[in-house]
Each structure stands twice: as structure tokens, then as C-alpha cells.
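Notes for the structure review
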Protein chains: 2
Amino acid sequence: MSERFKFEIKATDGKARTGVIRMLRGEIRTPAFMPVGTAATVKAMRVEDVRATGADIILGNTYHLMLRPSAERVAKLGGLHRFMNWHRPILTDSGGYQVMSLSSLRKITEEGVSFASHIDGSRHNLTPERSMEIQRLLGSDIVMAFDECTPHPASHEVAGKSMRMSMRWAKRSRAGFDSGEEHASRAALFGIQQGSLYKDLRKESAERLTEIGFDGYAIGGLAVGEGQGPMFDVLDYAPGFLPQDRPRYLMGVGKPDDIVGAVLRGVDMFDCVLPTRSGRNGQAFTCEGPVNIRNAKHKEDSGPLDPSCSCPVCTTYSRAYLHHLVKAGEILGAMLMTQHNIHFYQSMMQGLRDAIAEGRVEAHAKAFLDRYKGGQDG
Amino acid sequence: MSERFKFEIKATDGKARTGVIRMLRGEIRTPAFMPVGTAATVKAMRVEDVRATGADIILGNTYHLMLRPSAERVAKLGGLHRFMNWHRPILTDSGGYQVMSLSSLRKITEEGVSFASHIDGSRHNLTPERSMEIQRLLGSDIVMAFDECTPHPASHEVAGKSMRMSMRWAKRSRAGFDSGEEHASRAALFGIQQGSLYKDLRKESAERLTEIGFDGYAIGGLAVGEGQGPMFDVLDYAPGFLPQDRPRYLMGVGKPDDIVGAVLRGVDMFDCVLPTRSGRNGQAFTCEGPVNIRNAKHKEDSGPLDPSCSCPVCTTYSRAYLHHLVKAGEILGAMLMTQHNIHFYQSMMQGLRDAIAEGRVEAHAKAFLDRYKGGQDG
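These numbers come from a predicted model, not from an experiment. Counting starts from 1 at the beginning of each chain's written sequence and moves along it residue by residue. Chain A is the first chain written and ligand 1 is the first ligand written, with later ones labelled in order. For a predicted model such as this one, the threshold for reporting local features is a pLDDT of at least 70, and the threshold for listing and counting side-chain atom pairs is 80 or more; totals across whole chains, interfaces and linings nevertheless cover every residue.

**Here's the deal with the overall build of chain A**
- A tally of regular secondary structure across chain A gives 16 helices and 16 strands.
- A globule of 378 residues ought to have a C-alpha radius of gyration of about 21 Å, and chain A, at 20 Å, matches this closely.
- Along the first, second and third principal axes, the C-alpha set of chain A runs to 60 × 45 × 40 Å.
- In chain A, the proportion of contacts linking residues at least 24 apart, taken out of those at least 6 apart, comes to 68%. Secondary structure elements follow DSSP: runs of H or I of four or more residues count as helices, runs of E of two or more count as strands, with numbering from the N terminus. For this measure, only C-alpha atoms enter the radius of gyration; the expected value for a globule follows 2.2 Å times N^0.38, where N is the number of residues. With C-beta atoms placed from the backbone, a contact is any residue pair whose C-beta atoms sit within 7 Å.

The following block contains the structure:
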């Protein structure tokens, strides 16, 4: 591995690993949680506050950015980092997942996907080559291969066909990425394992990806409605099919207990809209479980959102104030709740990293989950 | 004057004055602009960022706070300063203006006003005594007398009757304020001049208020649709009726050119929702006039919002990025536009204070307005 991308595993504890990814724009401590910055902003947060929570890397969405303001415009303005003033690593997804969940009038062929924008109905195409071009124009540090996120549930036959098309697309993604030589000398490319809930397909997918060769490997097609039990069943074997010495990224996951369980099973990277979206909707994540701040029981509570949290929100404001802001629809409510939630996620990751380094991750996870699940107020 | 409230005029230049109000919670440099923190938040801004713009004092709205979360609850939680984490002076209005503009099913009598909440239709009363009690419960530093903001236009007869009732209410406000001895030993009370556009009524109102005696005097009933010309006509004489050695506060004003003109006419304090509300709507105030960031001409503009501005928004982000955020409905757009606008207003006040201190306010005002009015893009 070059200076461009280097993954060092510093300690393992059971299947869990902690380490660091070194890239030209900075280091990423793993296991890592990547806040989602969909449209060139982590919603309701200033980028310096995102960093202050401990985030080493954020995620940008190819689908949203290609539609607005467009990859070409971002490139003209100096790339995504300069545009949004985040100068550390950015991972961009391939657009495939959002095309399936947000656009309309979709047509999928071997070539790629054509679809209508959810913003203005305009027609667009995404292919492995175009996805690589868009991510290059954005100036992404970690580029994701273009794939089809197999819908759930899927029969073995459907899942196999979908996975094999994704593997052919992965090969085209590799070629497309490599053709952008200047960008390829600075960025990394991750492949995405598919195969739904089928062990043989997950294995086949991992083999095909490893043959092509990527800097890191994502586990795709989970957290799509299958539930935590079936997801953990897949995570009991799927990471093991992927190269030990490369980072493993579980896409779109998840709730705190999902992440803890996945780290125990050997996953290194995560992203999810949950802390930001929940924050805007008045839900906080705390060491004692989720808290719905709209609940009337908080209206005169002078205590902090999370008694164990050291974030600027918890050390400054009362639950009563946050309750008031959220009930009144004040933007500051969304700002503060989001800030706390991202801080909570980053603290959780730091706790996991420390525990793995010290060989006590099982006990740490149990204590964390006991407290988290014991205090839920729904 | 006690330590509680001391106004020192440091320099005059024509009718314009610059000085400082010293209160127990901090100093207020005049001429001062007070950002509006309606519901215990300056909308879309963190309170530390409000301070960083140079604001010495903010305004809270009695009407909004009495309805949600209620003055009693704020008191129980330690007062408005602790609730919202702003530990410098807060001026609270009396609620009279918002009752007239926001509530429904109003009934005005000599006793006061009864009305239905715009939030849930619940019925409430506001009287001079209750307004003083609410502002005391909030822990306000500068309390405003309860008055009727005479609607515009008003005949001389209607304006006179309305003004005289407000003067009787001013006397009751004084008594109500003084009865809260502990709070009165820490806070200040301002009277409000009424009289619509009639010079004799403005004079009579000022005399009645001065007879009662207040720490400062507001000029009320302007910026209610009469236009800048008639407002400036009143400001040519109305401030002169008020005591020279007390601060004069023009309520609810205004646009940058309104404020500059009022400072030249001897006004010391201002508040207005314009910089915050406009910010949320995509309008920026700049040294070259208002800028509508939604305008397509900004979509690839890599320059700052305001070329003369040193605020964190202008030194960090492009117009293209702000255009993108506002068009996409991102909360960060409202946050950054508001932050710039409040910074612009505070810089404008600092420029006026410096110019008055240096005896060059006429030339300063002309240069400011020439540039401001020359560059408007609508």
C-alpha cells in the first residue's frame, strides 16, 4: 500500500479490531463512524463542530450531489472539500442505493440505471463509469464501487443474479477509477460485497471482489429491513470472507446496538443518518437509551440530556430547554440535538477503540448495552 | 443612577451620540443593535456565536415566552439567562405589540388586554401589572412598560386617546416594577413614547413619561407601515422631547438605512427581526446592499457573500455554497446566512460608534449609504 492509503491494525480482541487508516487528507481511527453529509452538509451542523465531536471522516452522497448542485459544478468550485470546508477524508457512496430508494421511473440494465430525479423529474443515467467520474469530480477520498443493493427479501436466485451483476459492475468500477490516474494516485476504491442473507453468495461475492482487488471492502445489502438477528447472522461469517488486512465497512448501519454488535464481529467502518435525522426529529441517543425530548416529562427537567456525556450541549443546556426548543420548532433545537447525537456516536466509537486496545471489548460491550437497553424511554 | 443602570455618553456628533450603558450583567455599547431572541433563542444561532458577532444585549419576547414555556416555568428553571445560556443583559418587551399582531379575539379595556394564544387558542390576560410580573419572572435586565402600540394610520383623536391610555399604563408599569423590590434593585425600566405621527402628542407623551421617571425611553409606534420618510420626520423632533441623559430606544427598527438615519437623529438602541428572518429566507445584508442568495447568478460565484465582511461565513464559504444550501433547504443555510446578517448589523453599529467618537458620522453615514444603496440586487 502506498502513502495514498494504508490500514494498520493496532490491536485485535476476539474478532474485533482497532487501528488506523492513513490517507493524504488525514487519519481515520477505526472502528470509525462517518456522519452523513448528504448534500455537502452534515445537516444542522457546522463542519468545525462535526470535527469537534471526534469525526475523522464524513460521507457525501453521489446521488444527491449529482442532481444538486451537480458534480461538474462542485469540481468547478474546487471540489467537495473546499465547497463545504471539510478538509479531512470524505467517502462518497456510488449513488446506487439512493437511486433505488429515492428516484422514480427507474430502468436497470447491464449497462447501468436510468432514472428520474426526485427533485425535478429530470432524467439521468448512472453506470459504473459515470459513478466513478462523478466521485472523481467531487474529489472523493474513498470511492465506492457502483453496485445494486439487492432488495430484501430476495430468493437465492434473484440475490445471486443481482450479486453477479454487481460484481461485473465492480470490475468496471475498478477500471473506471483507475482510468482517472491523477485522482487514483490520491484516492482509494472500495468494493461492495452483496449476496443478501445467503452464505454461499456472500462467499462468492467476496472471492470475486478480492480477485479484482480493492483498498477496502464494504458489506452491502444489510440494514434493509431484515432485522438485527438476521443481520448479525450474516455478520457472523461475511467479514471473515474478506481480506483480514483491509478495512471492512458496513454500509448504512446503524443503531448503537447494531454498531456494537458489528464491531464485535470484525467491522471497521460505519455510516448512518440515524444520529442526524433523529436529532432533527427530537430523538436523542444517550447512555441510558433513546430519549424522546418531546415527551412532557422533560418539560421542567433541569438535568442534562445524557448524564454521562461531556459534549457542549449536555454540559450547557437542560432537557427542559431542549424540550422547549423542539416543541417550538426552533432550528436551534435541531442544531443542539444533532450535535449531541453525533458526539454520542463518536464517544461510543472511542469507547470501543479503547476497549479493543485493552483487550476488554466483550465486557465493555456488555456493560454498554446493559445500560443502553435498560433505560429506554421509547 | 446606581450601579444597577448607568448611561455614560462618551461623545456626540451633531445629534448622534455614542456611549455605554453599564448594568450588573455587562456593558452595552451604544448605539446598540439588539438581536431578537423571541422564544429564548436567536433563531438558528448558538448563543456564543451571537456574542461573537459583537452583540452586548439581546431581546426576549414576553408574549411568546408567557405562552411557551411560560414565565413561571422559566423562573422555576432559574430565569431566562440560565435557561438559554446568555449571561449578558436581556431586554424584554412588554408583550403589548405581539398581542396586537399575533393573537386573536382581543379585547382591550382600561384594565389591559385579553386575548387568545396563536399557538393553542388558550385565553390569557396582559395588564401592566401582569407584564411587569412576567418580565420579573423571566429575570429581564431591561423591562419595558406595557403600552398600546397605536395602529397606523390613526387620527389625531384616536392617537391621543391611545397614547393617554398608554401613559396611564406606564404609571401602573412603574408601580408594578417597583413593587418587585429585589428585581427592581438589579433591573431597569424603560417607558415608551407614543403619539403616532403627531408632534404635539409625542411631546405630551414625553412629558408624561419624564414626570413618571424611567431609566430609559423608547420611541414606540413607528415602523408600523408609515414608511421611512414619515418615520424620519418624527425622529427629527421626537428624541429631543426625551431626557438628553437617558438612552433612547427605537423599537422594531429596522433596515440598515433606517438605523443609520435614526442614529443621526439621536437614537441609541435598536432591535429588529430583519437580520434573522431575512437570513432564514435567503436574504443577506452586505456593504453593497441586500443580496438574494437564491438568485441563479450566485450559483457558481466563488466569492464571499460580502466582500468587505470579516465574519466566519464570509471568510470561509462561497456564494455558490450558500446558494446551494438555501436552494436545497438545508438548515446550515439558515444558520450561516443568519450569522452573517447579525455580524453585518453589529459591524454597522461599530462603524457608527467609531465615526461618532471621531466626529465624522455625517461623512461616514453618507459613504455607507452610497455604497449600500448603490449595489442593491433586489
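**Comments concerning the environment of B:Leu102**
- Tracing the sequence through the fold places B:Leu102 in helix 5 (residues 96-102).
- Among all residues touching B:Leu102, those that are not within four sequence positions of it are B:Tyr63 and B:His118.

**With respect to the nonpolar core**
- Connectivity within a nonpolar core runs through C-beta atoms within 7 Å, and the core itself is a set of buried Ala, Val, Leu, Ile, Met, Phe, Trp, Tyr and Cys residues. Partly exposed residues are those whose C-beta has more than 12 but fewer than 20 other C-beta atoms within 10 Å; with 20 or more the residue is buried, with 12 or fewer it is exposed, and the C-beta atoms are placed from the backbone. Counting residues in hydrophobic clusters, the biggest one holds 232 residues, and the most contacted among them are A:Phe190, A:Phe270, B:Phe190 and B:Phe270.
- If sequence neighbours within four positions are ignored, A:Phe270 has contacts with A:Ala32, A:Phe33, A:Met34, A:Leu250, A:Val253 and A:Ile259.

**Quick notes on the environment of A:Lys10**
All names here are of chain A.
- In this structure, Lys 10 sits in strand 1 (residues 5-13).
- Residue classification places Lys 10 among the partly exposed residues on the basis of 13 C-beta atoms within 10 Å.
- Considered as a pair, Lys 10 and Ile 356 are 346 residues apart in the sequence and their alpha carbons are 9.4 Å apart.
- Once residues within four sequence positions are removed from consideration, Lys 10 is found in contact with Thr 18, Gly 19, Val 20 and Ala 357.

**Concerning the domain arrangement of chain A**
Residue and element names in this part refer to chain A.
- Domain borders in the structure are assigned automatically or taken from a domain database. Its domain assignment divides chain A into domain 1 (5-272) and domain 2 (279-374).
- The C-alpha-based centres of domain 1 and domain 2 are spaced at 27 Å.
- Contact with domain 1, which involves 26 residues of that partner, is made by 26 residues of domain 2.
- A per-element tally of the side of domain 1 that touches domain 2 places helix 12 (residues 256-264) first, with six residues.
- Class assignment of the residues belonging to the side of domain 1 that touches domain 2 gives a composition of 15 nonpolar, four polar and seven charged. Note on residue categories: nonpolar means Ala, Val, Leu, Ile, Met, Phe, Trp, Tyr, Cys or Pro, charged means Asp, Glu, Lys or Arg, and polar means any other residue, Gly included.

**Side note on the sheet that holds strand 3 (residues 26-30) of chain B**
Residue and element names in this part refer to chain B.
- Spatial strand order, 1-2-3: three strands in an open sheet with antiparallel pairing. Looking along the sheet, the strands with just one partner apiece sit at the ends: strand 1 (5-13) and strand 3. When strand polarity is set aside, the average angle formed by the axes of neighbouring strands in this sheet is 15°.
- DSSP calls a pair of strands paired once it identifies at least 2 bridges connecting them. Taken together, the five bridges between strand 2 (residues 16-23) and strand 3 define a ladder with antiparallel strand orientation. By the bridge assignment for strand 3, Arg 22 is matched with Glu 27. Each axis is a line fitted through C-alpha atoms, and for a helix only the stretch in contact is used; angles between axes span 0 to 180 degrees, taken between their N-to-C directions.

**A few points about the relation of the copies chain A and chain B**
- Superposing the copies works by least squares over the C-alpha atoms of residues that have pLDDT at least 70 in both of them. Screw-axis analysis of chain A against chain B gives a translation of 0.0 Å along the axis, an RMSD of 0.0 Å, and a rotation angle of 180°. Read as a symmetry element, the transformation amounts to a two-fold axis. Rotation axis and chain A: the residue whose C-alpha lies nearest the axis is A:Ile331, separated from it by 3.7 Å.
- Both copies present the same face, since 100% of the interface residues in chain A are matched by interface residues at the equivalent positions in chain B.

**Quick word on the interface of chain A and chain B**
- Across the boundary between the two partners, chain A contributes 30 residues, which contact 30 residues of chain B.
- If you list the elements that add at least two residues to the side of chain A that touches chain B, you get helix 3 (71-76), helix 4 (80-84), helix 14 (319-327) and helix 15 (331-357) of chain A.
- Residues belonging to the side of chain A that touches chain B are distributed by class as follows: 16 nonpolar, six polar and eight charged.

**A closer look at the sheet that holds strand 8 (residues 113-116) of chain B**
All names here are of chain B.
- Overall, antiparallel pairing links the three strands, which are arranged 7-8-9 in an open sheet. Two strands bound the open sheet, and with one partner strand each, they are strand 7 (104-108) and strand 9 (123-126). Across the sheet, the axes of successive neighbouring strands diverge by a mean angle of 15°, strand direction being ignored.

**A few points about unusual backbone geometry**
- For the peptide bond that leads from B:Thr30 to B:Pro31, omega is -5°, which places it in the cis range.
- Looking at where B:Pro31 falls in the secondary structure, it is placed in the loop between strand 3 and strand 4 (32-35).
- Looking along the chain, the bond that leaves B:His152 and enters B:Pro153 is cis, with omega of 0°.
- Among the structural elements, B:Pro153 can be located in the loop between strand 10 (142-144) and helix 7 (156-179).
- In this structure, A:Ala40 takes a positive phi of about 65° despite not being glycine.

**So, the packing of helix 7 of chain B against helix 9 (residues 199-212) of chain B**
Residues and elements named next belong to chain B.
- In the contact formed by helix 7 and helix 9, the axes pass within 10 Å of each other and the chain directions differ by 10°. As summarised for this structure, helix 7 and helix 9 are arranged roughly parallel, according to the angle between their axes. Seen from helix 7, the contacting residues are Ala 159, Gly 160, Met 163, Met 167, Ala 170, Lys 171 and Arg 174; seen from helix 9, they are Leu 201, Ser 205, Arg 208, Leu 209 and Ile 212.
- Within the contact of helix 7 with helix 9, the residues separate by chemical class into seven nonpolar, two polar and three charged. Put simply, angles under 35 degrees are roughly parallel, angles over 145 are roughly antiparallel, angles from 65 to 115 are roughly perpendicular, and the rest are oblique.

**Some thoughts on the pairing of strand 15 (residues 283-286) of chain B**
Residue and element names in this part refer to chain B.
- Pairing geometry for strand 15 and strand 16 (residues 289-292), over four bridges, is antiparallel. Opposite Phe 285, over in strand 16, you have Pro 290 as the bridge partner.
- The hairpin turn running from strand 15 into strand 16, its antiparallel successor, is two residues long.

**Quick word on helix 7 of chain B**
Residues and elements named next belong to chain B.
- Counted at 1.5 Å a residue, the expected span for helix 7 with its 24 residues is 34 Å, and the 34 Å between its end C-alpha atoms agrees.
- For helix 7, the set of buried residues is Ala 159, Gly 160, Ser 162, Met 163, Ser 166, Met 167, Trp 169, Ala 170, Ser 173, Gly 176 and Phe 177.
- Summarising the contacts, the buried residues of helix 7 are in contact with helix 6 (128-138), strand 10, helix 8 (181-184), strand 11 (188-193) and helix 9. The span expected for a helix works out to 1.5 Å for each residue beyond the first.

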